[in-house]
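In case you want the letters, here they are:
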2 protein chains.
Amino acid sequence: MPKVTIAQNILTANDTIAEQVHALLAARGVRTINMMSSPGAGKTTLLEKTIARLRGRLVLGVIEGDVETSTDAERIEAAGAETVQINTRGACHLEAHMIRDALVQLELEHISLLVIENIGNLICPSDWRLGEDLRVTLVSTTEGDEKPAKYPHLFATSQVMVVNKLDLLPYVDYDLEKVKRQALAINPELRIFELSSRSGGGLDGWCDFLLEFASAAL
Amino acid sequence: MPKVTIAQNILTANDTIAEQVHALLAARGVRTINMMSSPGAGKTTLLEKTIARLRGRLVLGVIEGDVETSTDAERIEAAGAETVQINTRGACHLEAHMIRDALVQLELEHISLLVIENIGNLICPSDWRLGEDLRVTLVSTTEGDEKPAKYPHLFATSQVMVVNKLDLLPYVDYDLEKVKRQALAINPELRIFELSSRSGGGLDGWCDFLLEFASAAL
């Protein structure tokens with residue numbers, strides 16, 4: 001099956017670069033998160049609110065992945081974090097070589113926590129390691145309560161699930177307990193945060209977790 | 001650039017099968033829609049409501065694409081339409097050969113309108129023709145108002161855009177006019193429907209359009 005072999009080789013090459021990226025970041029004392037979700041689940045807004053809440057306590061750097069446009073990077077810059085935009089021009093995930101190239105544009109000596117906002121997609125990003133220490137998958141209460149069951153690989157390879165848009169729960173048909181049950185059946189180690197970037201509810205617990213994560217020994 | 005050449009060959013092979021699928025469906029008098037969106041924008045719920053509203057007036061058949069699970073096919077069956085489930089086991093789009101294989105499981109002589117619900121994804125499906133007459137892209141008011149600008153290829157290759165979850169507009173930061181402006185700048189021919197599957201608002205116009213589309217000369 002030559003097609004499978006080629007794909008595996010590409011993934012192996014990606015993993016090698018991901019290890020180099022991880023080693024480089026670890027040497028600089030930077031901890032790294034790969035953040036993934038559907039389009040519109042709220043990754044950028046959560047980052048904006050997180051940067052604002054942690055101002056003076058934790059310096060974040062952000063690598064923004066988008067197919068097109070630099071609007072998300074502009075939002076993150078405006079929120080006060082150093083940002084590099086990657087446009088994949090059609091590709092549905094980030095790859096480790098893109099991160100390696102983006103790192104030279106960041107002043108890593110000032111950054112404690114690097115967040116990579118991946119392309120909005122529940123499928124493609126899950127196979128591609130980027131050199132991260134932690135994988136965070138966002139779901140939101142407006143996108144249906146069967147996402148872990150439908151996209152198990154992403155939840156199986158993440159360490160954290162954030163359920164966002166909790167403020168909209170009264171207006172949608174979303175069984176939060178079912179989602180958590182599904183996710184934990186796939187990955188019993190998954191740490192779960194429930195929050196609303198818009199109302200601010202649950203952000204304290206999330207920010208405390210990031211502070212602890214960023215300061216933990218590498 | 002061998003990588004590009006291979007990709008083009010695969011797409012050309014897909015287009016050939018898509019033309020065969022289209023010819024087969026046209027010969028049976030079946031019109032076909034390829035429906036695409038982010039995960040959780042509401043494709044399945046819109047289909048459920050559409051099937052219920054058009055009962056006795058239009059017979060729909062549905063091909064359900066999902067990475068895993070058959071929950072969506074079960075919902076569509078329960079709503080009263082003949083359904084075939086395709087599980088792609090990781091792939092982020094449907095391909096024409098999958099549709100060709102699924103068609104043998106449908107009683108096409110009873111069906112006037114075939115809806116293919118593609119994998120929830122704003123990137124991968126846009127390059128893959130499935131033999132459809134019409135491409136419908138759904139967006140929803142809870143997923144942010146920059147989707148056309150961020151994923152232009154999908155909107156450029158669709159004929160219809162449905163804006164769903166209009167009932168949630170009062171609770172979210174979503175500039176509907178901006179979304180329509182963005183989409184029409186990419187594709188001035190795009191026909192736009194605004195509706196809420198949950199409240200039922202706007203469904204009449206959408207269903208009238210489908211009736212007209214299904215009865216138009218092939």
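Here the structure is shown first, and the text comes after it.
Below is a summary of the structure that appears in this document. Since the model is a prediction, treat every value here as computed from it, not as a measurement. (Residues numbered from 1 in each chain as written. Chains lettered and ligands numbered in written order. Predicted model: local features only at pLDDT ≥ 70, side-chain atom pairs only at ≥ 80, totals over all residues. Heavy atoms only, no water.)

## A few points about the pairing of strand β2 (residues 60–66) of chain A
All names here are of chain A. Worth spelling out the cut-off: Buried means the residue's accessible area, taken with a 1.4 Å probe over protein chains only, is under 20% of the maximum for its type, while exposed means over 50%, and partly exposed covers the values in between. Numbering of helices and strands runs from the N terminus, with a helix taken as a DSSP run of H or I at least four residues long and a strand as a DSSP run of E at least two residues long. Pairing between two strands is assigned when DSSP locates at least 2 bridges connecting them. Orienting the strands away from the viewer, one traces the path from the first strand over the helix to the second; a clockwise path indicates a right-handed crossover.
Within β2, 7 of the 7 residues are buried, which leaves the element mostly enclosed by the surrounding structure. Burial along β2 is two-sided: the residues Leu60, Val62, Glu64 and Asp66 and Gly61, Ile63 and Gly65 are all buried. Relative to strand β4 (residues 113–117), β2 runs parallel, the two being bridged by 5 bridges. Paired with Glu64 across the two strands is Glu117, which belongs to β4. Across 6 bridges, the pairing between β2 and strand β3 (residues 82–87) is parallel. Of the residues in β3, the one forming a bridge with Val62 is Thr83. Handedness of the β2-helix α3 (residues 71–79)-β3 crossover: right-handed.

## Re the sheet that holds β4(A)
Strands belonging to one sheet form pairs held by backbone hydrogen bonds; the direction of such a pair is parallel or antiparallel. Residues and elements named next belong to chain A. Keep this limit in mind: Every angle, taken between N-to-C directions, lies between 0 and 180 degrees, and every axis is a line fitted to C-alpha atoms, over only the stretch in contact when it is a helix. Residues count as neighbours in contact if any of their non-hydrogen atoms are within 4.5 Å of one another.
Pairing is parallel across the open sheet formed by 7 strands, whose spatial order is β3-β2-β4-β1-β5-β6-β7. Because the sheet does not close on itself, it has two edges, and the strands there are β3 and β7 (191–194). This sheet shows a mean twist of 20° between the axes of neighbouring strands, independent of strand direction. As defined by bridge partners, strand β5 (residues 134–140) adjoins strand β6 (residues 160–164) across 5 bridges and the pair is classed as parallel. Across the sheet, residue Val139 finds its bridge partner in β6, namely Val163. Relative to β2, helix α2 (residues 43–53) is tilted by about 165°, and along the sheet it contacts β1 (31–36), β2, β4, β5 and β6.

## What about the packing of α2(A) against α3(A)?
Residues and elements named next belong to chain A. The criterion, for reference: With respect to orientation, any angle under 35 degrees is reported as roughly parallel, any angle over 145 as roughly antiparallel, any angle of 65 to 115 as roughly perpendicular, and every other angle as oblique. In a left-handed crossing the near helix is turned counterclockwise from the far helix by less than a right angle, and in a right-handed crossing that turn is clockwise. When residues are grouped by polarity, Ala, Val, Leu, Ile, Met, Phe, Trp, Tyr, Cys and Pro land in nonpolar, Asp, Glu, Lys and Arg in charged, and all others, Gly among them, in polar.
Two numbers describe how α2 lies on α3: the axes approach to 9 Å, and their chain directions differ by 10°. Between α2 and α3, the angle falls in the class roughly parallel. By crossing handedness, the relation of α2 to α3 is classed as right-handed. Two secondary-structure elements touch here, α2 through Thr44, Thr45, Leu47, Glu48 and Ile51 and α3 through Asp72, Arg75, Ile76 and Ala79. Class assignment of the residues belonging to the contact of α2 with α3 gives a composition of 4 nonpolar, 2 polar and 3 charged.

## Observations regarding the relation of the copies chain B and chain A
For clarity, the threshold we go by: Alignment of copies: least-squares fit on C-alpha atoms of residues with pLDDT of at least 70 in both copies.
When chain B is fitted to chain A, the best match, at an RMSD of 0.0 Å, comes from turning it 180° and sliding it 0.0 Å along the axis. Read as a symmetry element, the transformation amounts to a two-fold axis. When you check the interface residues of chain B against chain A, 100% turn up at the interface there too, and the contact is symmetric in its surfaces.

## Focus on the pattern of salt bridges
Here is the rule: Salt bridges are defined by distance alone: a side-chain nitrogen of Lys or Arg within 4 Å of a carboxyl oxygen of Asp or Glu.
The tally for this structure, following the rule as stated, stands at 30 salt bridges over all chains. We note a salt bridge from Asp145(A) to Lys178(A), for which the minimum N-O separation is 3.1 Å. Residue Asp145(A) is located in the loop between β5 and α5 (147–150), and its partner Lys178(A) is located in helix α7 (residues 176–186); the two are separated by 33 residues in the primary sequence. On the basis of relative accessibility, which here comes to 28%, the residue Lys178(A) falls in the partly exposed class. Its salt-bridge partner being Asp72(B), residue Arg75(B) comes within 3.8 Å of it at the nearest N-O pair.

## Concerning the state of the cysteines
Residues and elements named next belong to chain A. For clarity, the threshold we go by: Throughout, disulfides are identified as pairs of cysteine sulfur atoms within 2.5 Å of each other.
Under the criterion given, the structure shown has 2 disulfides over all chains. Through a disulfide, Cys92 is tied to Cys124; the S-S separation comes to 2.2 Å. Between Cys92 and Cys124 the disulfide shows an S-S torsion of about -95°. By sign, it is left-handed. Taken together, the residues span a long stretch of sequence, with Cys92 in the loop between β3 and α4 (96–103) and Cys124 in the loop between β4 and β5 at a distance of 32 residues. Each member of the pair, Cys92 as well as Cys124, carries the same accessibility label: buried.

## Here we look at the interface of chain B and chain A
Where we set the bar: Buried area is understood as the total, over both parts, of accessible area removed when two parts are fitted together, assessed with a 1.4 Å probe. We define a polar contact as two N or O atoms separated by no more than 3.5 Å, with the added condition that, inside protein, one atom must be a possible hydrogen donor and the other a possible acceptor, whereas residues neighbouring each other in sequence contribute only through side-chain atom pairs.
At the interface, 33 residues of chain B touch 33 residues of chain A. Across the interface of chain B and chain A, roughly 2,500 Å² is buried in total on both sides, 56% from carbon and sulfur atoms. Where chain B touches chain A, the interface holds 6 salt bridges. The tally of links from chain B across to chain A stands at 12 residue pairs in polar contact (both at pLDDT 80 or more). Of all the secondary structure elements, the ones that give two or more residues to the side of chain B that touches chain A are α3 (71–79) and α5 (147–150) of chain B. Considering only residue class, the side of chain B that touches chain A consists of 14 nonpolar, 8 polar and 11 charged.

## Things to note about α3(A)
Keep this limit in mind: Here the arc refers to the directions that run from the helix axis out to each C-beta atom.
Those residues of α3(A) that fall on the buried side of the exposure criterion are Asp72(A), Ala73(A), Ile76(A) and Ala79(A). For α3(A), the buried positions fall inside an angular range of 120° around the axis, keeping them on one side. For α3(A), the secondary structure elements touched by its buried residues are α2, β2, β3 and β4 of chain A together with α5 of chain B. A positive backbone phi angle near 110° is found at Gly80(A), which sits one or two residues after α3(A).

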